[in-house]
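Inside the fold
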Amino acid sequence: MKDQFVIAYLSDLSMNQAVVSHACHLARMLNKGLILLYIEDKRFHLPPVNEVEKTLLQIEAAHPDVHPAHVAIKADSKEIIDALPTLLNGVIAVAGVNPRAPLGSPTRPRQVLKLFSQCKIAYLTVQAPLTDPAAYNSVAFSIDFNKESKEKLIWASYFARFNHSQLSMIHFQYSDSGLHYKWHNNILFMDKFFAGLNVSYNAIPINGKSVYPETAVCRAAAESGCGLLISVTTDSRNRDVLEWFAGVQEDRTIRNPHLLPVLFINPRNDIYVLCD
């Protein structure tokens, strides 16, 4: 038995292949167990548990190398997702996202973000199956002037250490001296953190200003050939008026047209990480 698990959240059975392909690769990469999670939630009008058991068993049989188990329950989706670290010893979850899903679907981008808004583990949002595991060989993340940027470093180091991924640190070039000072301090922290783990990275500067900087980062990551982006969600306590009405930048990042998988981390003091 493994001590921690990758959770493949199968909210919509039509996205099984996308979710499971990424979850299996993460389980192998991190040497963790894999749990297929299906939640019969009445608000989403999903098939009952007894109708999906056969599908879950078929998925298990198709991936004997990672020995997946499954949990199928009738419950409130958000309550279960909030409890993943303690309920299932989850350390990372994988969720399918479909920007074209109908209203009421658990795979709609904003619905996924809402379900995982209080999640205490990192969660990978995927739009398409992982057809080439080498896509994880190049991982991007941004560092800006916000202190929350530093929360990406632990997971960036996991990809570098356990998958030997090349890390790309994408950053804006700040003309404001105050912002540049804060950004520079974050860079010094990152350099010290990575040096202690013998982890290296490439720096990719980008120009321009944007209401949604992470969408520009996502575009730069895709154009640079990166196969995954690590991002931190917006703390609800720090949202401005525009974000309450127009949505936070992860609303756009999660549905990116490049189909780039995005690993989200909620800025929390009690976030769960790997036992390694």
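So, here is what we can say about the structure in this document. (Residues numbered from 1 in each chain as written. Predicted model: local features only at pLDDT ≥ 70, side-chain atom pairs only at ≥ 80, totals over all residues. Heavy atoms only, no water.)

**Some words on the pattern of salt bridges**
- Taken as a whole, this structure holds seven salt bridges when the rule is applied.
- Its salt-bridge partner being K32, residue D3 comes within 3.5 Å of it at the nearest N-O pair. Within this pair, whereas D3 is found in the segment before β1 (5-9), its partner K32 is found in the loop between α1 (16-30) and β2 (33-40), the two being separated by 29 residues in sequence.
- Among the residues examined, D3 registers a relative accessible area of 42% and is labelled partly exposed.
- Residue K32 is classed as buried on the basis of its relative accessible area, which comes to 7%.
- Where R43 meets D76, a salt bridge forms, and the shortest distance between an N and an O atom there is 3.6 Å. Placement of R43 in the loop between β2 and α2 (49-62) and of D76 in the loop between β3 (69-74) and α3 (77-82) is noted, with a sequence separation of 33 residues between them.
- Under the relative-accessibility criterion, D76 is labelled partly exposed at 28%.
- By sharing partners, the salt bridges in this structure join D41, R43 and D76 into a single network. (Salt bridge = Lys/Arg side-chain N within 4 Å of Asp/Glu carboxyl O. Helix = DSSP H or I, 4+ residues; strand = E, 2+ residues; numbered from the N terminus. Buried < 20%, exposed > 50% of the residue type's maximum accessible area, 1.4 Å probe, protein only.)

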